[in-house]
Amino acid sequence: TIARLFDAPFQIVLISGRLANLLLLVVISIISMKCCNSLKFAIAAICLLPSTVWLMSSYTYDSWNLAFCLLFVALCFRIRESRKCIRIAEIIGLLIVLLLFTPIKFVYAIMILAVILIPFDQFKGMNKSSKVVVLVSVVALGTLLLAIRGKEALAYLTTSSMDTRGVRNLTTAQSYTMQWA
């Protein structure tokens, strides 16, 4: 974006965008390692895989997804290892990180299952008003995500872009066989 503001040539914009993506992964990975020291070597191993380095040096949003997924899992592990009652600030931090990477590609919404890593006992110490705040926040985030990307996901699932030839359809006679010929 900065290179575009200076009306730089396309090659400079492309290279600076790739370097910015790589730098984003490095910074978020360091934050993730500081956040959860027990995952330090796992995060380093993931970040040093050749396919990860290649993907991070591309000019796509995949670097955001991977970086914030690493941070989300690291935050879940940090909460798990603390053995204390979970705080509202930690839940809000999880929701913010989730909001940063889920709208890019809706399929990453499955990453919310990483919350299962947090023992249920850590939620028991919360008072009733905190539980209400968490519930309202989760519902608001879910609604926001559906408003942002839900329409595309539903359109993809319900349009003709799906291959339904293998499913017996009463309205059409199309299938993988040569019955129509």
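Residues numbered from 1 in each chain as written. Predicted model: local features only at pLDDT ≥ 70, side-chain atom pairs only at ≥ 80, totals over all residues. Heavy atoms only, no water.

### Focus on the overall build of the protein chain
In step 1: When its secondary structure is counted, the protein chain shows 8 helices and 0 strands.
In step 2: Sequence-ordered secondary structure for the protein chain, helices as α and strands as β, is α-α-α-α-α-α-α-α.
In step 3: By residue count, 28% of the 181 residues in the protein chain fall in the buried class.
In step 4: Total accessible area on the protein chain stands at roughly 12400 Å², and carbon and sulfur atoms take up 70% of it. (Helix = DSSP H or I, 4+ residues; strand = E, 2+ residues; numbered from the N terminus. Buried < 20%, exposed > 50% of the residue type's maximum accessible area, 1.4 Å probe, protein only. Areas by Shrake-Rupley, 256 points an atom, 1.4 Å probe, with all protein chains shown as cover.)

### Examining the layout of surface pockets
In step 1: There is about 160 Å³ of room inside the second largest pocket.
In step 2: Around the second largest pocket sit 12 residues that line it, and Ile91, Leu94, Leu95, Val115 and Val138 are the ones nearest its centre.
In step 3: Mapped onto the lining of the second largest pocket, the elements with two or more residues apiece are α6 (88-101) and α8 (128-158).
In step 4: Considering each element in turn, the lining of the second largest pocket owes the most residues, 4 residues, to α6.
In step 5: Across the lining of the second largest pocket, the residue classes break down as 12 nonpolar, no polar and no charged. (1 Å grid on protein atoms, 1.4 Å probe; cavity = no way out; pocket = protein on both sides within 12 Å on 5 of 7 lines; lining within 4 Å. Points joined across faces, edges and corners; volume = space filled by probe spheres on them. Nonpolar A, V, L, I, M, F, W, Y, C, P; charged D, E, K, R; others polar.)

### Points about the side chain of Thr52
In step 1: Relative to the helices and strands, Thr52 resides in helix α4 (residues 50-56).
In step 2: Classification of Thr52 by relative accessible area gives buried; the value is 7%.
In step 3: If near-sequence neighbours (up to four positions away) are discounted, Thr52 is found in contact with Leu25, Ile46, Cys47 and Leu66. (Contact = heavy atoms within 4.5 Å.)

### Describing the packing of aromatic side chains
In step 1: One pass over the full model with this rule turns up 1 aromatic pair.
In step 2: A ring pair is formed by Trp64 and Phe68, whose centres lie 5.9 Å apart and whose planes are at 55°; its orientation type is tilted. On the criterion of helical spacing, the pair formed by Trp64 and Phe68 is a turn pair, its members being 4 residues apart in helix α5 (residues 62-82).
In step 3: Exposure remark for Trp64: the relative accessible area of 33% places this residue in the partly exposed category.
In step 4: On the basis of relative accessibility, which here comes to 8%, the residue Phe68 falls in the buried class. (Phe/Tyr/Trp six-rings, centres within 6.5 Å; stacked < 30°, edge-to-face > 60°.)

### A few points about the nonpolar core
In step 1: In terms of nonpolar packing, the biggest core is built from 30 residues, with Phe72, Leu94, Val97 and Phe101 touching the most fellow members.
In step 2: The set of elements that each furnish at least two residues to this core consists of α2 (10-35), α3 (40-47), α5, α6 and α8.
In step 3: With 10 residues, the top contributor of residues to this core is α5.
In step 4: The residues touching Phe72, leaving out its near neighbours within four places in the chain, are Leu94, Val97, Leu98, Phe101, Met111, Ile112, Ala114 and Val115. (Core = buried A, V, L, I, M, F, W, Y, C linked by side-chain atoms within 4.5 Å.)

### Regarding α6
Owing to its 3.6 residues per turn, the α-helix brings residues three or four apart onto one side.
In step 1: The end-to-end C-alpha separation of α6 is 20 Å, in line with the 20 Å expected for 14 residues at 1.5 Å each.
In step 2: Buried within α6 we find Ile91, Leu94, Leu95, Val97, Leu98 and Phe101. Looking straight down α6, one finds its buried side chains confined to an arc of 165°; they lie on one side. (Expected span 1.5 Å × (residues − 1). Arc of directions from axis to C-beta.)

### Some points on the environment of Tyr61
In step 1: If you trace the backbone, Tyr61 turns up in the loop between α4 and α5.
In step 2: Tyr61 sits in the exposed class, given a relative accessible area of 56%.
In step 3: C-alpha separation for the pair Tyr61 and Phe101, spaced 40 residues apart in sequence, amounts to 9.1 Å.

Fair warning: the whole summary comes from geometry, so function is off the table for now.
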